[in-house]
Amino acid sequence: MAKMALNNIFYRFAHKTMRMFSSSVLKFQVTIPNFKLNNGKEMPALGFGTWLGLDEKLEFKVSDAPKLVDAMLYAIDIGYRHFDTAHFYRMEPEVGYVIKKKIEEGVVRREDVFVTTKVWQHNHRTDDAYASIEASLRRLGLDYIDLVLIHWPISMDINGVDEKIDYLETYRGLENAMKNGLVKSIGVSNFNLAQLERLLSNCEVKPAVNQIQVTINLLEKELVSFCKAQNILVVSYSSFGSLTRSYATDAPPPKPDDPCLVQMGRKYNKTATQLVLRFLYQRGIATIPKSLTKARILENASIFDFEIDSGDVATLEKFDCGYRSDVPIFWQEYTNYPFEKQKKEFFIDMPESLLKWKNGANLDID
């Protein structure tokens, strides 16, 4: 009898604990809506960026790779399904590892996850672009890639020499990879309006995406409007611009403590960065913020439970001044450089880390 009573007590305790645990897990789930691409495929409106960046010596931050793996594992657990990577990011093996692990755990199926990667400047000839996609597939350990982009319209060899290859030639490599089932969708990144118009006039497969920087300082209204008219989804990278960069003292406002953002944040009970991501989503723009902090990862995806009203949208639009926070000025004399050129005195040398590398956390994978 005593044993039965003890078992009942244990059962009630275990059941309550399991309910509390389940409730806790469910509490931290996010639901991210999809955008439909022009080929009928769907892509989550918010993804997880995997670019770790360069340190103060302009060398790749490989030491953060284990943190990135943990962050991606957590992101999938709470509901992220879109991962944005690139050959250049060196992290394709880690992205593939995380996806495989979560598939094995039964958390997701392959078809639930949307993976984007990109072809770097060294591989702009048609056959080289195709081979680059094959190499990305091997590093990712996947049977197909959901989306492949031309990372930049610029081409160069591994010594930094401008190869002046036409991006139309590069795009044919992506089209061939799509025809052969290596990739489901293709697109471009960092293409300006003129380059996109020329591509559309000469391609067989319309690009599904143009990934560009869009922030509240850089609305890119003309380019975004053109993409919408052509049913090309805009994906914004570095969406916060200089908002969260304390060192960017010369950048235009706002900063997170800007009275306008503080007041608006109180109104919606959201942070400044959430306001930015929601603002872009309401413009029909996908975003791919990156964080290694669980609280921030959850915060970034918690933007689909409110709407910024038209008056506040107009207020945020007033911060638009055409300021671009991410400008690779060391490429501005290269053929097909997509941005306005800066004054010569602002030139810096191209970091060697943009030229030659190996992939993965140990930088030992070709």
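Quick look at the structure, then. This one's a predicted model, so the numbers in the text were calculated from it and none came from an experiment. Numbering of residues begins from 1 in every chain and follows the order in which that chain's sequence is written. Local features in this predicted model are restricted to residues of pLDDT 70 or higher, and side-chain atom pairs are both shown and tallied only at a pLDDT of 80 or more, whereas totals for entire chains, interfaces and linings draw on every residue. Hydrogens and water are ignored here; the side-chain numbers use all heavy atoms of the structure.

### Looking at the overall build of the protein chain
Okay, step 1: Helices and strands together make up the secondary structure of the protein chain, namely 11 helices and 10 strands.
Okay, step 2: A globule of 366 residues ought to have a C-alpha radius of gyration of about 21 Å, and the protein chain, at 22 Å, matches this closely.
Okay, step 3: Considering only C-alpha atoms, the protein chain reaches an extent of 85 × 50 × 40 Å along its principal axes.
Okay, step 4: When the accessible surface of the protein chain is split by element, carbon and sulfur atoms take 51% of a total near 17800 Å².
Okay, step 5: Asp and Glu are treated as the negative residues and Lys and Arg as the positive ones, with His and the ends of the chain left uncounted. By convention, the charge on Lys lies at NZ, on Arg at CZ, on Asp at CG and on Glu at CD. Computed over 46 positive and 47 negative side-chain charges, the separation of the two mean positions in the protein chain equals 7 Å. Segments assigned H or I by DSSP are reported as helices when at least four residues long, segments assigned E as strands when at least two residues long, and all are numbered from the N terminus. The size measure is the radius of gyration over C-alpha atoms, and the globule rule it meets is 2.2 Å times the number of residues to the 0.38 power. The method behind every accessible area is Shrake-Rupley, applied with a 1.4 Å probe, and residues are considered shielded solely by the protein chains displayed.

### What about helix 2 (residues 65–78)?
Okay, step 1: Between its first and last C-alpha atoms helix 2 spans 20 Å; for 14 residues at 1.5 Å apiece the expected length is 20 Å, and the two agree.
Okay, step 2: The cut-offs for exposure are 20% and 50% of the maximum accessible area for each residue type, with area from a 1.4 Å probe on protein chains only; residues under the lower value are buried, those over the upper are exposed, and the others partly exposed. Burial runs high along helix 2: 10 of the 14 residues are buried.
Okay, step 3: Those residues of helix 2 lying buried are A65, L68, V69, A71, M72, L73, Y74, A75, I76 and I78.
Okay, step 4: Any two residues whose heavy atoms approach within 4.5 Å at even a single point are treated as in contact. Elements in contact with the buried residues of helix 2: strand 3 (48–49), strand 4 (82–84), helix 3 (92–104) and helix 10 (294–301).
Okay, step 5: G79, located one to two residues past helix 2, shows a positive phi value of around 130°. One less than the residue count of a helix, multiplied by 1.5 Å, gives the span that helix is expected to have.

### Examining the pairing of strand 8 (residues 209–213)
Okay, step 1: Burial of strand 8 is extensive: 5 of the 5 residues sit out of reach of the surface.
Okay, step 2: Here strand 8 shows two buried faces, one formed by V209, Q211 and Q213 and the other by N210 and I212.
Okay, step 3: In this description, strands pair whenever DSSP reports at least two bridges between them. Bridging between strand 7 (residues 183–189) and strand 8 involves 2 bridges; their strand directions are parallel. Counterpart to S189 in the pairing with strand 8 is Q211.
Okay, step 4: Consider the strands pointing away from the viewer: the crossover is right-handed when the path from the first strand over the helix to the second runs clockwise. For the crossover from strand 7 across helix 6 (residues 193–200) to strand 8, the handedness is right-handed.
Okay, step 5: Relative to strand 9 (residues 233–237), strand 8 runs parallel, the two being bridged by 5 bridges. Within strand 9, the residue paired with Q213 across the bridge is Y237.
Okay, step 6: Crossover handedness for the path strand 8 to helix 7 (residues 221–229) to strand 9: right-handed.

### Digging into the nonpolar core
Okay, step 1: We define the nonpolar core as a collection of buried residues of types Ala, Val, Leu, Ile, Met, Phe, Trp, Tyr and Cys that are connected through side-chain atoms lying within 4.5 Å of one another. Membership of the largest hydrophobic core comes to 80 residues, with the highest contact counts inside it found for F48, Y80, F83 and L174.
Okay, step 2: Element by element, the count of residues in this core is highest for helix 2, at 10 residues.
Okay, step 3: For F48, the residues in contact, after removing those within four places along its chain, are L68, A71, M72, A75, Y80, H82, F83, D84, I288, P289, S291 and I297.
Okay, step 4: Grouped together as the second largest cluster of nonpolar side chains are 30 residues, L37, A286, Y334 and F339 included.

### Thoughts on unusual backbone geometry
Okay, step 1: Each neighbour pair has its own omega, and for P253 with P254 the value is 15°, a cis peptide bond.
Okay, step 2: Relative to the helices and strands, P254 is located in the loop between strand 9 and helix 8 (259–268).
Okay, step 3: One non-glycine residue, R90, lies in the positive phi region at around 70°.
Okay, step 4: As for its placement among the helices and strands, R90 is situated in the loop between strand 4 and helix 3.
Okay, step 5: For R90, a relative accessible area of 2% translates into the label buried.
Okay, step 6: Located in the positive-phi region is N190, a residue other than glycine, with phi close to 65°.
Okay, step 7: Tracing the backbone through its elements, the reader meets N190 in the loop between strand 7 and helix 6.

### Details of the pattern of salt bridges
Okay, step 1: A pair is scored as a salt bridge if a Lys or Arg side-chain nitrogen falls within 4 Å of a carboxyl oxygen belonging to Asp or Glu. Applying the stated rule across the entire model yields 20 salt bridges.
Okay, step 2: When the shortest N-O distance is used, the salt bridge between E92 and R139 registers 2.6 Å. Of the two residues, E92 sits in helix 3 while R139 sits in helix 4 (residues 126–140), which places them 47 residues apart along the sequence.
Okay, step 3: By relative accessible area, E92 is classed as buried at 0%.
Okay, step 4: Residue R139 is classed as buried on the basis of its relative accessible area, which comes to 10%.
Okay, step 5: Taking the shortest distance from any N to any O, the salt bridge between R109 and E111 comes out at 3.4 Å.
Okay, step 6: Among the charged side chains, a salt-bridge network with shared partners connects D77, K101, K102 and E105.

### Comments concerning the layout of surface pockets
Okay, step 1: Considered as a void within the structure, the second largest pocket measures approximately 320 Å³ in volume.
Okay, step 2: Lining the second largest pocket are 14 residues, with E42, E111, D112, V113 and F114 sitting closest to its centre.
Okay, step 3: Partitioned by chemical class, the residues of the lining of the second largest pocket number 5 nonpolar, 2 polar and 7 charged. A cavity here means a set of 1 Å grid points, computed over protein atoms only, where a 1.4 Å probe fits but cannot escape. A pocket is an open set with protein on both sides within 12 Å along at least 5 of 7 lines, and lining residues have an atom within 4 Å of a point. Grid points are joined across faces, edges and corners, and a volume is the space filled by probe spheres set on the points. Residues are grouped as follows: nonpolar covers Ala, Val, Leu, Ile, Met, Phe, Trp, Tyr, Cys and Pro; charged covers Asp, Glu, Lys and Arg; every other residue, Gly included, is treated as polar.

### Describing the side chain of Q195
Okay, step 1: Residue placement: Q195 occurs in helix 6.
Okay, step 2: Contacts described as polar in this section are N or O atom pairs within 3.5 Å, which, within protein, must combine one atom able to donate a hydrogen with one able to accept it, while residues neighboring in sequence count only if both atoms come from side chains. At 3.0 Å, the side chain of Q195 and the backbone oxygen of N336 are in polar contact.
Okay, step 3: In this structure, Q195 is in contact with P153, Y167, N190, N336, Y337 and P338, ignoring residues within four places of it in sequence.

### A few points about the packing of aromatic side chains
Okay, step 1: Pairing of aromatic rings covers Phe, Tyr and the six-membered ring of Trp, with a centre-to-centre limit of 6.5 Å; geometry is then stacked below 30 degrees between planes, edge-to-face above 60, and tilted otherwise. The tally for this structure, following the rule as stated, stands at 18 aromatic pairs.
Okay, step 2: Residues F48 and Y80 carry aromatic rings whose centres are separated by 6.0 Å and whose planes lie at 85° to one another, so their mutual orientation is edge-to-face. Residue F48 is located in strand 3, and its partner Y80 is located in the loop between helix 2 and strand 4; the two are separated by 32 residues in the primary sequence. Like Y80, F48 is buried.
Okay, step 3: Relative to W357, the ring of F88 has its centre 5.3 Å away and its plane inclined at 75°; by these criteria the two rings are edge-to-face.

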